[in-house]
Every structure is written in C-alpha cells, then in structure tokens.
Amino acid sequence: MAKIMLAKNKEMRVESGHPWIFRSDIQHVAGNPQPGDIVEVYSHQNRFLGKGYYNPVSQITIRMLTRQDEDINREFLYQRILRAWEYRQKVADTESCRVVFAESDFLPALIVDKFSDILVVQTLALGIDRYKAEIVDILSEIIQPRGIYERNDVPVRELEGLPQQKGFLSAPFDTRVEMVENGIKFLVDVENGQKTGFFLDQKENRAALKPLVKNGRVLDCFSHTGSFALHAAYYGAREVVGVDISAHAVACAEHNARLNGLEQTARFKEANAFDLLRNYADQKERFDTVILDPPAFTKTKSAVEGAVRGYKEINLRAMKLINEGGFLVSCSCSQHIDNGLFMNILHEAARDAKRAVRLIEFRSQAKDHPILMASRETQYIKCALMQVF
Ligand code: SAH
C-alpha cells in the first residue's frame, strides 16, 4: 500500500479528527497510488496517522477513513453503515431520515437518504464511488429497502474527475415516493427533485413551528415542495401562503397540500421571494408568522459579503410584514455564515426594520445530520426562532 508523508506540522488537523488532507499538506508520496486507492498516511516524523482514500486530481487529496491500522474492506464499510443506521434508530424517526451523513459518519463523501422504503445515494468523491456496488449491497442487507436510486448529478463530482449521473441502483421503481414527516405526507421526486429530493435536515425545525402558528396567517418563503407551509397548516394556521421561484417546486407543493387535505388552508405561488416581500410591504399585507428558508446564498468564502446582504434584505423585509408579537423563523444553510455572523445579520435587519426582535430559540440541523466537532463545516443549518414587536 502506498504511503503518504505529510509536510512538517501538517498532521495537526488530522490528529484533531478532521478527515481532509489537502494537496499542499503532502510532502512525499511513496509507492504509486492510483486515483481512488487507499493509502497510509504518516506525519513528517513518520508517525502513522491512519488510512484514507487518495485522489491527486482533487484539492482534497486524501479523505481519512480511519485513524486505526485496519483493513478497508466490505466488513469495514458494513460496520460503519451499521453504526450509522443504529444511531438513526436511536435519535430519529427512520420512516424518513438521513442514514449516512458523510464525514460526520466517518464515511467521507457518502450521503444516504431514506424516504419511506426507498434509499437515495450520493457518492461525491472518487475513493468512495469505487465502493458504490458494495455500499448498495450492504444497504440492501441492513435496511432492505424496496429500491435504491443514485443522485450523482451534482457538479462537485467534477472536482473529483467523476461524471454527473443518476439512475437506479436496484430494480426500477416509481421515482415519485410518498413518505411521512412529522405526521404529514409528502411526495418526494427522487429522480428530479432538488438534491436527493427532499431536505431532511430541517425536519426538527419544521416541528418547532407547532407553538408559533395556531390560528395565524403564515408566509413561507422559499417553500420548495411545501414542507414548512404544510407543517404550519397541519399545526392549525388559519391561512398559509408558500412562495417559490421554481414551477416544479410549486406544483409539488400543491400536490402535497392535496395529499393532506390542506389545500383550502395552504396555497402556493410561483414568484421571486425578494420581489414578493417588497410587494407585500407596499400592499400593507401582514402575517403572524413568516418563515425564511432560502437556498445557500454562498457556496464559497469569497461570496460571503453578497450573501450577507441577501440575508439581511429578506429578513428586514420579512420583519416589516409581521404583526406585533408575531414570529419570524429564519434559516440559513450557508456553511460560510457561522452562528455569530447570522445573529449579527438578524440584529442589523431588526435595527433597520425598526422592530424589536427577541430570539426565542436558536436551532441547527436535525440529529440525523450530526456535527463533527473536528470539522465545523459539517454544521451548516442555522434556524433562529424570533418574536417581533
Ligand atoms: N424550505 C424548503 C427548502 C428550500 S430550498 C424545504 O424545507 O423543503 C430553497 C428553495 O428556494 C428552492 O426550492 C428554490 O427553488 C427556491 N428559490 C431560490 N431562489 C428563490 C427566489 N429568489 N425566490 C423564491 N424562491 C427561490
């Protein structure tokens, strides 16, 4: 097996538990590892640090799989996936949940989502992609799903020299899958929906709406397939408006409303949320609760400034629409906006909107998306529940 020696002092990140080794961390490559191969990693002083998979094409040249001297084989993957699944059985409703959350489950670049009895898999780096057949086999053995679908149609794969692709990893099935979240039915389009088809990371935050919406008028911006909006309706809101820029998302949301008999309460509009918030302010529309769950306004560190402006703008506009004593549920899924920065943005928005805002709860992602302490980028969801006066 090839051996990789790190440059001086570059072992610190790995030893603290972070799974990534960048190209610039590497001093020397001994042997002739091929892209995707398992390699042994050593410190500059020749101390064994663990094993990972290697891809010289990627900036993240090694992703660590273990800090032990153990074989990486089917049994290794089986134990890792089993551990991930057993953890979900403890902390999550496994009817729909994330079964494997990549680095946080010590399986870098592997995502597995479960929607009812269907699994959706992403292998986002070459080293894990090589094990795809074994992973599918193990998932079939442990979870016994009705079917498995691959959603590898994501641009990050190209950084690894991998093609974008999607399709069945089992016998074909109807890719429109009905699942239940917090008692509400959703149709998940695992073939054409965004990412793996549904954003499971917000499940607990949607449930947190319950005490904030009863009898109220609710606005859900960036409503996608209607998840927050339908939770609000299910929890007793008088009227719910959901807004999304995607026609496909709006059609799915309307379908989901009908699935639950909530179509009288929740209606959906195809619109740009920025424009809609402005128009509503001009028309003096008022809501008791507003939900903001925008897409990641930045995927890179360099674009943070623009993202900050975007977050501030929607929060400011939303605050202006909220009745005295009403609630704002404001989320961010940009990993480059940390908790402190997000709080500052919310405070500035409140100041400029001339509203007094108090934080009642600051939440993160659901427990089936655990945060690896050594790798803070695994925390990406922020969800602030606020009251507005
Ligand atoms: N709240 C959703 C997830 C939102 S993802 C859920 O819990 O499932 C972000 C959504 O914002 C996507 O559906 C995308 O289509 C939509 N979107 C992106 N830009 C938008 C804009 N300017 N106005 C309205 N919707 C937008």
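Owing to the predicted nature of the structure, the values given are computational and were not obtained by experimental measurement. (Residues numbered from 1 in each chain as written. Predicted model: local features only at pLDDT ≥ 70, side-chain atom pairs only at ≥ 80, totals over all residues. Heavy atoms only, no water.)

Caption draft 1: Structural detail: the site of the ligand. As a structural note, the neighbourhood of the ligand is formed by 16 residues, with Arg 206, Ser 227, Asp 244, Ala 273 and Asp 293 the closest of them. Here Phe 222 contributes a backbone N or O atom positioned 3.1 Å from a nitrogen atom of the ligand. The side chain of His 224 places a nitrogen or oxygen atom 3.2 Å from an oxygen atom of the ligand. Bound to the protein, the ligand loses 89% of the 580 Å² it would expose on its own. Of all elements in the fold, only helix H7 (227-234) and helix H9 (273-282) reach the threshold of two or more residues within the shell around the ligand. In the shell around the ligand, the residues fall into eight nonpolar, five polar and three charged. (Near = heavy atom within 4 Å. Polar contact = N/O pair within 3.5 Å; in protein donor to acceptor, adjacent residues only side chain to side chain. Areas by Shrake-Rupley, 256 points an atom, 1.4 Å probe, with all protein chains shown as cover. Helix = DSSP H or I, 4+ residues; strand = E, 2+ residues; numbered from the N terminus. Nonpolar A, V, L, I, M, F, W, Y, C, P; charged D, E, K, R; others polar.)

Caption draft 2: Quick look at the sheet that holds strand S16 (residues 266-270). Read across the sheet, seven strands follow the order S16-S15-S14-S17-S18-S20-S19 without closing on themselves; strand pairing throughout is mixed. Unpaired on one side and paired on the other, S16 and strand S19 (357-363) mark the two borders of the sheet. Strand-to-strand twist in this sheet, taken as the mean axis angle between neighbours without regard to direction, amounts to 15 degrees. Looking at chain direction, S19 and strand S20 (residues 382-388) are connected through six bridges and run antiparallel. Looking at S20, one finds that Arg 363 is bridged to Cys 383. Packing against the sheet, helix H8 (residues 247-259) makes contact with strand S15 (239-244) and S16, and its axis sits at approximately 170 degrees to S16. (Pairing = 2+ DSSP bridges. Axes fitted to C-alpha atoms, helices over the stretch in contact; angles between N-to-C directions. Contact = heavy atoms within 4.5 Å.)

Caption draft 3: Highlighting the pairing of strand S1 (residues 3-6). Only one face of S1 is covered, namely the one carrying Ile 4 and Leu 6; the face carrying Lys 3 and Met 5 has none of its residues buried. As paired strands, S1 and strand S4 (residues 38-42) are joined by three bridges and run parallel to one another. Paired with Ile 4 across the strands is Val 41, a residue of S4. (Buried < 20%, exposed > 50% of the residue type's maximum accessible area, 1.4 Å probe, protein only.)

Caption draft 4: Up close: the packing of aromatic side chains. For the structure on display, the rule yields 13 aromatic pairs. Geometry around Phe 287 places Arg 217 over its ring, the cationic atom sitting 4.3 Å from the centre. (Phe/Tyr/Trp six-rings, centres within 6.5 Å; stacked < 30°, edge-to-face > 60°. Lys NZ or Arg CZ within 6 Å of the ring centre and 35° of its normal.)

Caption draft 5: Spotlight on the sheet that holds strand S2 (residues 20-22). With mixed pairing, the six strands of this open sheet are ordered in space as S2-S6-S5-S4-S1-S3. Looking at the sheet topology across the chains shown, the edges are occupied by S2 and strand S3 (26-30). The mean inter-strand angle of the sheet, taken between neighbouring strand axes irrespective of direction, is 35 degrees. As defined by bridge partners, S2 adjoins strand S6 (residues 60-66) across three bridges and the pair is classed as antiparallel. Paired with Trp 20 across the strands is Arg 63, a residue of S6.

Caption draft 6: Examining the environment of Ala 356 more closely. Mapped onto the elements of the fold, Ala 356 is located in the loop between helix H11 (339-353) and S19. On a C-alpha basis, the gap between Ala 356 and Gly 325 in space is 9.6 Å, while along the polypeptide they are 31 residues apart. Here Ala 356 is in contact with Gln 387, Val 388 and Phe 389, once residues within four sequence places are set aside.

Caption draft 7: Region of interest: unusual backbone geometry. Within the chain, Asn 215 stands out as a residue other than glycine whose phi angle is a positive 65 degrees. Position of Asn 215 among the secondary structure elements: in the loop between helix H6 (210-213) and strand S14 (217-221). Phi is positive for Lys 354, close to 60 degrees, though the residue is something other than glycine. Topologically, Lys 354 is positioned in the loop between H11 and S19.

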